[in-house]
Amino acid sequence: MIPPSWLHLAEPAIKRVGLTCLHLINFGFAFHLFKENVGGLCFMAGPSMLPTLDNSGELVLESILPHRLFPNQLGRGELITLTSPVDPSRIICKRVIGLPGDVVCVDPTGIKAHSTEHVVVPKGHIWVAGDNAAWSKDSRDYGPVSMALVRGRIAARVSALKFLMQQIQ
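### A closer look at the nonpolar core
- Of all hydrophobic cores here, the largest spans twelve residues; its members are Leu74, Ile80, Leu82, Ile92, Val96, Leu99, Ile126, Val128, Tyr142, Val145, Met147 and Val150.
- Contributing elements (two or more residues each) for this core: strand S3 (79-83), strand S4 (91-98) and strand S7 (125-129).
- Grouped together as the second largest cluster of nonpolar side chains are eight residues, Cys42, Met49, Val60 and Ile154 included.

Shown next, in the form of structure tokens:
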């Protein structure tokens, strides 16, 4: 308990600390809403998107809002982010190969299925693949992916961090 004689000194500091905490919480909520609904930077790592994205990881700019506003505007060849159908706690990056109604070759490389096997992509689904077929877990493994799992598009790769790291070494 603060003695009454000190209360007039402590009151402005308590208000300042309280307001600062509320501002930080407000900023945190705004940042979260922006990141989840508009877009932001994401770190993508792993061998499945070699040579497009580096195995050791790269920062990419994920654009979510355009996909939310126009979900049927995906195009073949676009890089997208989606919730993994195998592990829903992970966000993955893949390339769109087939759109609803397309006939796609299940595995043109012949590694996971005969190269003559084809499938029609059902309505509301897409066919995705990693650029590095030998190391990618994609639609060849889990089939067509629901468009509801798509988070957004990759708008850009952020190379400045990689450049700075090379300069430091």
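### Quick look at the sheet that holds strand S1 (residues 39-44)
- Strand order in this open sheet of seven strands is S1-S2-S9-S3-S4-S7-S8, and the pairing throughout is antiparallel. Of all the strands in the sheet, the pair left with one neighbour each is S1 and strand S8 (145-146).
- Bridge count between S3 and S4: five bridges; the pairing is antiparallel. By the bridge assignment for S4, Leu82 is matched with Ile92.
- Running over the sheet, helix H1 (residues 4-37) touches S1, strand S2 (58-63) and strand S9 (150-158) and is turned about 75° from S1.

### Let's talk about H1
- Taking 1.5 Å per residue, 34 residues should reach 50 Å; H1 reaches 48 Å between its end C-alpha atoms and fits that length.
- Of all the bends in H1, the greatest, near 45°, is centred on Ala10, and the proline Pro12 appears no more than four residues after it.
- A positive backbone phi angle near 145° is found at Gly39, which sits one or two residues after H1.

### Examining a nonpolar patch on the surface
- A contiguous nonpolar patch, built from Phe34, Val38, Leu65, Leu69 and Phe70 and spanning about 470 Å² of accessible area, is present on the exposed surface.
- Assignment of secondary structure puts Val38 in the loop between H1 and S1.

### Describing the pairing of S9
- Bridging between S2 and S9 involves five bridges; their strand directions are antiparallel. Residue Ser63 lies in a different strand from S9, and its bridge partner there is Arg153.
- Of the pairings in the sheet, the one linking S3 to S9 comprises three bridges and is antiparallel in character. For Thr81, the partnering residue across the bridge sits in S9 and is Gly152.

Cut-offs used in this document
- Residues numbered from 1 in each chain as written.
- Predicted model: local features only at pLDDT ≥ 70, side-chain atom pairs only at ≥ 80, totals over all residues.
- Heavy atoms only, no water.
- Core = buried A, V, L, I, M, F, W, Y, C linked by side-chain atoms within 4.5 Å.
- Buried < 20%, exposed > 50% of the residue type's maximum accessible area, 1.4 Å probe, protein only.
- Helix = DSSP H or I, 4+ residues; strand = E, 2+ residues; numbered from the N terminus.
- Pairing = 2+ DSSP bridges.
- Contact = heavy atoms within 4.5 Å.
- Axes fitted to C-alpha atoms, helices over the stretch in contact; angles between N-to-C directions.
- Expected span 1.5 Å × (residues − 1).
- Bend = angle between axes of the 7 residues up to and from the residue.
- Patch = residues over 30% accessible without salt bridge, like charges linked within 9 Å, V, L, I, M, F, W, Y side chains within 5 Å.
- Areas by Shrake-Rupley, 256 points an atom, 1.4 Å probe, with all protein chains shown as cover.
- Salt bridge = Lys/Arg side-chain N within 4 Å of Asp/Glu carboxyl O.

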